[in-house]
Amino acid sequence: MRPSAGGRELAVTDLSLVVLVGATGSGKSTFAARHFKPTEVISSDFCRGLVSDDENDQSATGDAFDVLHYIAGKRLAAGRRTVVDATSVQPDARRALVALAREYDVLPIAIVLDVPEQVCVERNSTRPDRVGLPRHVVQRHQRELRRSLRGLEREGFRKVHVLRGVAEVEAARVVTERRYNDLRHLAGPFDVIGDVHGCARELETLLAELGYVDGVHPAGRTAVFLGDLVDRGPDSPAVLRRVMGMVAAGSALCVSGNHENKLGRYLKGRKVQISHGLAETVEQLERADAADPELRGRVRAFVDGLVSHYLLDGGRLVVSHAGLPEKYHGRTSGRVRSHAMYGDTTGETDEFGLPVRYPWAEDYRGRAAVVYGHTPVPKASWLNNTICLDTGVVFGGRLTALRWPEREIVDVAAERVWYEPAKPLAVSAPGGADGRPLDIGDVVGRRTVETSWVGAVAVREENAAAALEVMTRFAVDPRLLGYLPPTMSPCPTSRLDGYLEHPAEAFAAYRADGVAEVLCEEKHMGSRAVALVCRDEAAARNRFGVLAQGVSGALHTRTGRPFFDDPAVTEEVLARIRAAVTAAGLWEELDTDWLLLDGELMPWSLKATGLLRRQYASVGAAARTAFPPAVAALEAAAMRGVDVAGLLARQRERESDARAFTDAYRPYCWSTDGLDGVRFAPFQLLAAEGRSLAGLPHDQQLALLDRVVAADTGGLLQGTRRLRVDTGDEESVAAGVRWWLELTGAGGEGMVVKPLAALARNPAGRLVQPGVKCRGREYLRIIYGPEYTRPEHLERLRQRSLGHKRSLALREYGLGLEALDRLAAGEPLWRVHEPVFAVLALESEPVDPRL
């Protein structure tokens, strides 16, 4: 029987513990199946069957409820609504469930099915598993239910829905409602404002600075007040009028502060201590009564309706007065409300007699940014993805706002000291913007890193262990390690005679992905190097927390190791790049004190001397030693009439291939003396203060870097030649192929083909490869061996599988973009380090290193 459309609506919160209460046979299981998802419902009968193979085995009831409570706890911990299908007519049974809801800070809701005794008896008689159930059991349940009805709210149930009679049960409709604090559907943009404390003029000044006109922002931004609007300051009524008006107009949100909570209790006639600034507010309200006698009533209703915290912007932003650990986000309980308004204390008092606050932000690791106030600090700064905006305006400090999602701080100075603080303003937690130190628990084991670009990226435990070894023993200071370059996929395999890689395939692949224009960049044959260049040592210290003297940045390899063993050489390279950036005017143009650049450091022999000696040079030397006498002997045998023509031709080909192999790597090796002969070719600006530059089109990137190269007077910097190609134009594609042939014919490695517009996506909305390398025919001898161009070898190599390499390249690229976003946004070190570490870990995946 379907419920009628006109039935009673039962509001049930989306995250709650719903307890069905009713005698056996009252229809609880049918009701649960009709109104809730099967996965939401946990039946005591089902749990009894799990532990005893018999749902009617009453001797297994204790174990069954242990299982039920365990499953319910796991669901509630995961933020899933849970419905308990049991009789729950006994107070002890309900008490355990209410305690479970409180443990996980969710609302306990009771739905009572009060149906006549005879109906229950008749239903039980038709169920095969209930045949023979004594009538007195139903009667006992009914008596216990009657005794319970009036006291359910006192037991702790936040909502109680009582359905009387079969018709009312069957006509009822369950309606899911949001929690009061769940405003994830609101994306902003927001202006989050710290503790005002009655400083009305400063509030008006700040609102004007933020662009609000008469409490409304012309661009539709929403102000979010963090509580403590009142007390201590000169005009709490004016602050309340402004904020209440904005909230009523829909241009603001407000959470409750501890001072609003106390004021609300005072206005209700409760006994409170008139201290900590409340006396000033009471006096101001009394004066305001003459002009606005209804103000008190409006204020009482307003503060009574304030919630403890809000989830905003898809859950990426959490606002509360005193901050909130991640386990409390979106939860609803007295414990959550208390922490949100007052914070947590250690139980100690300081030398000023004030409670010592527990530094929850030092341990915070949540994905959501938490913005709060309550404890005054001299300056708002990020700490582990949290920020305190109470900068003590009432004590003569500043009134501070955070623009979200821009993460931009806007503040105004106090007009004067309105209230003498009990103690000097102090930073809320040690460690500066970096927050807590890096924790091995953040990287060991199997990890999943959430990115905005490629979704969740999994890191295997064994790969993490390998990366940990490199990071802990060899990497640069992690505070200076904001990015590791991703691996790069080669272009699709070519079927052209004599070629394994050819640019025609690269152009065709991008055209198939909907990329109309690409930029071909010459591939420098050197070693990948990432340069973090700060304007000066002070910038490195202030922005990155570098304490060592003489350190103004970093220059590291693609695995995070220092490029040079001597720090003085590193600083000399950074000084030359810094001078060129200064001369090019990029500090001012990009409004930054630091830049992160990706580039190639040459010659190849600068970092690969050991590889050259052990592998490449030894092969060339062996060939030069072995082939001439072998060829000479075969020639002599031929002159004597021995039929060795085939073998001789083959050995001559092998000798020629060996010479070509040596000729292939020699152009990338030359002698250097200090930095004389060293070249750095920057090809991408990665990030600057407050901004990831990875989305800048590649032609604009290189145009900026051309200015830097041109401003270099020491000969260190080298430009990157490039060619723009229209993938849908045959003539343009042919020009691109010719350019590649010219580069490789002159001994160049090849080129990298990139979408002109960075961060390009295919028609399905997925990121395409950020770049594919197309290496020259002769250069590939270094990779695949001197004789790889022979038809039999080429055919075998054309079977190479590129799928894993392409997947790896995209995953590492997404992680790199995530790291740049977090770095530019000023997120804490551990958050930046997370995707950086993951890139290094993925490098341990088993992929053919020649690809």
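Residues numbered from 1 in each chain as written. Predicted model: local features only at pLDDT ≥ 70, side-chain atom pairs only at ≥ 80, totals over all residues. Heavy atoms only, no water.

Draft legend 1. The arrangement of the sheet that holds strand β17 (residues 382-383) in detail. Spatially, six strands are ordered β8-β12-β13-β16-β18-β17 in an open sheet, and the strand pairing comes out mixed. If you trace the sheet from one side to the other, it starts and ends with β8 (182-183) and β17, each paired once. Examined bridge by bridge, strand β13 (residues 317-320) and strand β16 (residues 369-372) share three bridges and lie parallel to one another. Bridge pairing in β16 places Val319 opposite Val371. (Pairing = 2+ DSSP bridges. Helix = DSSP H or I, 4+ residues; strand = E, 2+ residues; numbered from the N terminus.)

Draft legend 2. Seen up close, the confidence of the model for the protein chain. Considering every residue of the protein chain, the mean pLDDT works out to 88; 93% of them sit at 70 or more. Strand β14 (residues 345-349) is the least confidently modelled element of the protein chain, averaging 62 in pLDDT, while strand β9 (residues 190-193) averages 98, the highest of any element. Across residues 427-434 the pLDDT falls below 50, and counting only partners more than four positions away or on other chains, this stretch makes 19 contacts in the model. (pLDDT = per-residue confidence, 0-100. Contact = heavy atoms within 4.5 Å.)

Draft legend 3. Representation of the packing of helix α11 (residues 258-267) against helix α13 (residues 295-304) within the structure. Close contact between α11 and α13 brings their axes to 9 Å; oriented N to C, the two are set at 130°. Between α11 and α13, the angle falls in the class oblique. Judged by the twist between their axes, the crossing of α11 over α13 is left-handed. For the pair α11 and α13, the contacting residues are Glu260, Leu263, Gly264, Tyr266 and Leu267 in the first and Arg296, Val299, Arg300 and Val303 in the second. Of the residues belonging to the contact of α11 with α13, the class tally is five nonpolar, one polar and three charged. (Axes fitted to C-alpha atoms, helices over the stretch in contact; angles between N-to-C directions. Parallel < 35°, antiparallel > 145°, perpendicular 65-115°, else oblique. Left-handed = near helix turned anticlockwise from the far one by under 90°. Nonpolar A, V, L, I, M, F, W, Y, C, P; charged D, E, K, R; others polar.)

Draft legend 4. Highlighting unusual backbone geometry. Cis geometry marks the peptide bond from Trp404 to Pro405, where omega comes out at 15°. Among the structural elements, Pro405 can be located in the loop between β19 (398-404) and β20 (408-413). Here the residue pair Met602 and Pro603 is connected by a cis peptide bond, since its omega of 5° sits within 30 degrees of zero. Among the secondary structure elements, Pro603 is positioned in the loop between β27 (594-602) and α20 (605-639). Even without a glycine there, the phi angle at Asp214 is positive, about 55°. Tracing the chain through its elements places Asp214 in the loop between α9 (200-210) and β10 (222-225). By relative accessible area, which is 67% here, Asp214 ends up exposed. Even without being glycine, Leu759 reaches a positive phi, approximately 60°. By the element assignment, Leu759 lies in the loop between β31 (750-755) and β32 (772-775). Judged by relative accessible area, which is 24%, Leu759 ranks as partly exposed. (Buried < 20%, exposed > 50% of the residue type's maximum accessible area, 1.4 Å probe, protein only.)

Draft legend 5. Quick peek at the pairing of strand β26 (residues 553-556). The alternating pattern of β26 places Gly553 and Leu555 on one face and Ala554 and His556 on the opposite face, and all of these are buried. One ladder, built from four bridges, connects strand β25 (residues 527-534) with β26; its direction is antiparallel. For Ala531, the partnering residue across the bridge sits in β26 and is Leu555.

Draft legend 6. Focus on the packing of aromatic side chains. Tallied over the entire structure, the rule returns six aromatic pairs. Measuring from ring centre to ring centre gives 6.0 Å for Tyr499 and Trp740, while their planes differ by 50°; the resulting arrangement is tilted. Here Tyr499, found in the loop between β23 (489-490) and α16 (503-512), pairs with Trp740, found in helix α23 (residues 730-745); they are 241 residues apart in sequence, far enough to count as distant. By relative accessible area, Tyr499 is classed as partly exposed at 22%. Counting every residue linked through ring pairs, the aromatic cluster contains Trp360, Tyr364 and Tyr372. A cation sits over an aromatic face here: Arg407 above Trp382, 4.2 Å from the ring centre. (Phe/Tyr/Trp six-rings, centres within 6.5 Å; stacked < 30°, edge-to-face > 60°. Lys NZ or Arg CZ within 6 Å of the ring centre and 35° of its normal.)

Draft legend 7. Local environment of the sheet that holds strand β2 (residues 16-21). Spatially, β3-β4-β2-β5-β6 is the arrangement adopted by the five strands of the open sheet, whose pairing is parallel. The strands lining the two open edges of the sheet, one partner per strand, are β3 (41-43) and β6 (159-164). Direction aside, the axes of adjacent strands within the sheet are offset by 20° on average. As judged from the four bridges shared by β2 and strand β4 (residues 82-85), these two strands associate in the parallel manner.

Draft legend 8. Focus on the pattern of salt bridges. Counted according to the given criterion, the structure contains 52 salt bridges. Overlapping salt bridges, with partners in common, bring together Asp14, Arg178, Arg179, Asp182 and Arg184 in one network. (Salt bridge = Lys/Arg side-chain N within 4 Å of Asp/Glu carboxyl O.)

Draft legend 9. Looking closely at a nonpolar patch on the surface. A cluster of nonpolar side chains, Phe46, Leu50, Val51, Tyr70 and Ile71, forms an exposed patch at the surface whose accessible area comes to about 480 Å². Of all the secondary-structure elements, those providing two or more residues to the nonpolar patch are α2 (44-52) and α3 (61-77). Considering every element that reaches the nonpolar patch, the biggest residue donor is α2, with three residues. Tracing the sequence through the fold places Tyr70 in helix α3. The exposure class of Tyr70 is exposed, given its relative accessible area of 55%. (Patch = residues over 30% accessible without salt bridge, like charges linked within 9 Å, V, L, I, M, F, W, Y side chains within 5 Å. Areas by Shrake-Rupley, 256 points an atom, 1.4 Å probe, with all protein chains shown as cover.)

Draft legend 10. Looking closely at the environment of Val530. Among the secondary structure elements, Val530 is positioned in strand β25. When the C-alpha atoms of Val530 and Ile782 are compared, they prove to be 25 Å apart, with 252 residues separating the residues in sequence. Discounting residues that sit within four places of it in the chain, Val530 has contacts with Tyr483, Pro485, Ala554, Leu555, His556, Leu596, Leu597, Asp598 and Leu686.

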